[in-house]
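# Secondary and tertiary structure notes
Residues per chain, in single letters:
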Amino acid sequence: MIYRKFQDIMLSGLGLGMMRLPVLDGDNGQVDKAAAEEIIDLAYKGGVNYFDTAWGYHDGNSELVAGERLSKYPRESFYLASKFPGYDLSNMDKVEEIFEKQLEKCQTDYFDFYLFHNVYEGNVDAYLDPKYGILEYLLKQKENGRIRHLGFSAHGSLEVIKRFLDANGKHMEFCQLQINYMDWHFQDAKTKVELLQKAGIPIWVMEPVRGGKLAAASENLAGLMQKMRPGETVVGWAFRFLQGIPGVTMVLSGMSDKKQLEENMKTYQTNEPLTEEEFDALIQCIDKEVKEGNLPCTSCHYCTTHCPKGLPIPELIALYNEHKVTGGGFIAPMAVGSMPKEKQPANCIGCKSCEKVCPQQIKISEMMADFSAKLALG
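These remarks concern the structure in this document. (Residues numbered from 1 in each chain as written. Predicted model: local features only at pLDDT ≥ 70, side-chain atom pairs only at ≥ 80, totals over all residues. Heavy atoms only, no water.)

For the coordinates displayed, the defined rule picks out 26 aromatic pairs. Each ring, one from Tyr 50 and one from Phe 113, has its centre 5.2 Å from the other, and the planes form 55°; the classification is tilted. Here Tyr 50, found in strand β6 (residues 50-52), pairs with Phe 113, found in strand β8 (residues 111-119); they are 63 residues apart in sequence, far enough to count as distant. By relative accessible area, Tyr 50 is classed as buried at 0%. A connected cluster of aromatic rings, assembled from ring pairs, spans Phe 6, Tyr 50, Tyr 79, Phe 113, Phe 174 and Trp 204. Directly above the aromatic system of Tyr 110 lies the positively charged group of Arg 75, at a separation of 4.1 Å from the ring centroid. Positioned above the aromatic ring of Trp 55 is the side chain of Lys 105, whose terminal nitrogen or guanidinium carbon lies 4.6 Å from the ring centre. (Phe/Tyr/Trp six-rings, centres within 6.5 Å; stacked < 30°, edge-to-face > 60°. Helix = DSSP H or I, 4+ residues; strand = E, 2+ residues; numbered from the N terminus. Buried < 20%, exposed > 50% of the residue type's maximum accessible area, 1.4 Å probe, protein only. Lys NZ or Arg CZ within 6 Å of the ring centre and 35° of its normal.)

Right, here's the structure in full:
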């Protein structure tokens, strides 16, 4: 396992993200504990020492699973991260209540790493509003040793990140960003990385394979990869891309089965960043493909917790993208037609509650209306 130095500690280059643990019957809130524990154990024994969870992951059950399983290991032998759920504005005045509950759920006396979760356009004002006392409270917990390192994750624009750093940057020890080769230009990851590099803030990576999307390459992209680096897997290319970016300390991957974990740990036995030629060719190829235009859903499931109709939004977006890419076809109509009527896109009431918490800022209500029209299900 590759290890990276962060201050006075060594972190495994690959961390286990606990947003996509295996679930039962496709229910994101029902973690398959036996399978999840196998993954955690395999990661730990394979040298992974960073485990990332959050209040909202798996409808609140990720922290419970993390606490139950990791508590069997010596506390000083791993690093645990969680986050304050400010992506939901109703939580802003509950920082103490939530933090105390998180410690309880995770069965720990302290978090090694703690983050302001998902700084973006919809919550930056509240995050920076002194009336909530969020920064003040978290700094106090750090002073008391209950938080070892404080940082933030961000899905917002460059300007939002700049604003947050201008206000709180002197207290931020790391920043977690969505970085992958698809988003290098598409979501301006390159410029955000440059901002953090200039500020001297270590970079944590989330969505390295974009919610699994980059695990399957197009014919053109796969051909390029095979030609330039025949011995590398498609997923390996995504990680090698990140290994070459200065400032990247931690790469988090939400691995939902043992095979994914084993393959990724194998990749992280070596540091083999892309050459400049490989990097440029990869970016040119993916930029061309992105222009064809898919909605950038990463299946984080924040939207589903705020949908009053209980729609399976990530699944519907995936089918919508498939329908667009294929120019129609039978797959999306068949899949949607097999869903219960109350789960189909026509059941969207356009309230936009989901859009308020979407890290990717997808216009979900517009997508639902368009999808319904395309499928003639509305």
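On to the nonpolar core, then. Residues Phe 51, Phe 116, Phe 152, Ile 179, Tyr 181 and Phe 241 are the most contacted members of the largest nonpolar core, which totals 87 residues. Element by element, the count of residues in this core is highest for helix α12 (residues 276-290), at seven residues. The residues touching Ile 179, leaving out its near neighbours within four places in the chain, are Trp 184, Ala 189, Val 193, Ile 203, Val 205, Met 206, Glu 207, Pro 208, Leu 242 and Ile 245. By size, the runner-up hydrophobic cluster in this structure holds 19 residues, among which are Leu 311, Tyr 320, Cys 354 and Met 367. (Core = buried A, V, L, I, M, F, W, Y, C linked by side-chain atoms within 4.5 Å. Contact = heavy atoms within 4.5 Å.)

With that settled, the discussion passes to the state of the cysteines. Cysteine pairs can be linked by a disulfide, which is a covalent bond between their two sulfur atoms. For the structure on display, the rule yields zero disulfides. Lacking any disulfide linkage, Cys 348 is separated from the closest cysteine sulfur, that of Cys 354, by 6.3 Å. Here Cys 351 stays unpaired: no disulfide links it, and the sulfur of Cys 354, its closest cysteine neighbor, is 6.2 Å away. (Disulfide = S-S within 2.5 Å.)

Once that is clear, we can look at helix α8 (residues 189-199). The set of residues buried in α8 consists of Ala 189, Lys 192, Val 193, Leu 195 and Leu 196. Projected down its long axis, α8 carries its buried residues within an arc of 155°, all on one side. Of the surrounding elements, those touching the buried residues of α8 are α6 (158-168), β10 (175-178), α7 (183-186) and β11 (203-206). Positive phi appears at Gly 200, one or two residues downstream of α8, with a value of about 75°. (Arc of directions from axis to C-beta.)

Tracing the chain through its elements places Ser 365 in helix α15 (residues 364-375). Ser 365 sits in the buried class, given a relative accessible area of 12%.

Turning next to the sheet that holds β11. Here eight strands make up a closed barrel; going around it, the order is β3-β6-β7-β8-β9-β10-β11-β12 and the pairing parallel. This sheet shows a mean twist of 30° between the axes of neighbouring strands, independent of strand direction. Seen against the sheet, helix α10 (residues 234-243) touches β3 (14-17), β11 and β12 (248-253) and runs at an angle of roughly 160° to β12. (Pairing = 2+ DSSP bridges. Axes fitted to C-alpha atoms, helices over the stretch in contact; angles between N-to-C directions.)

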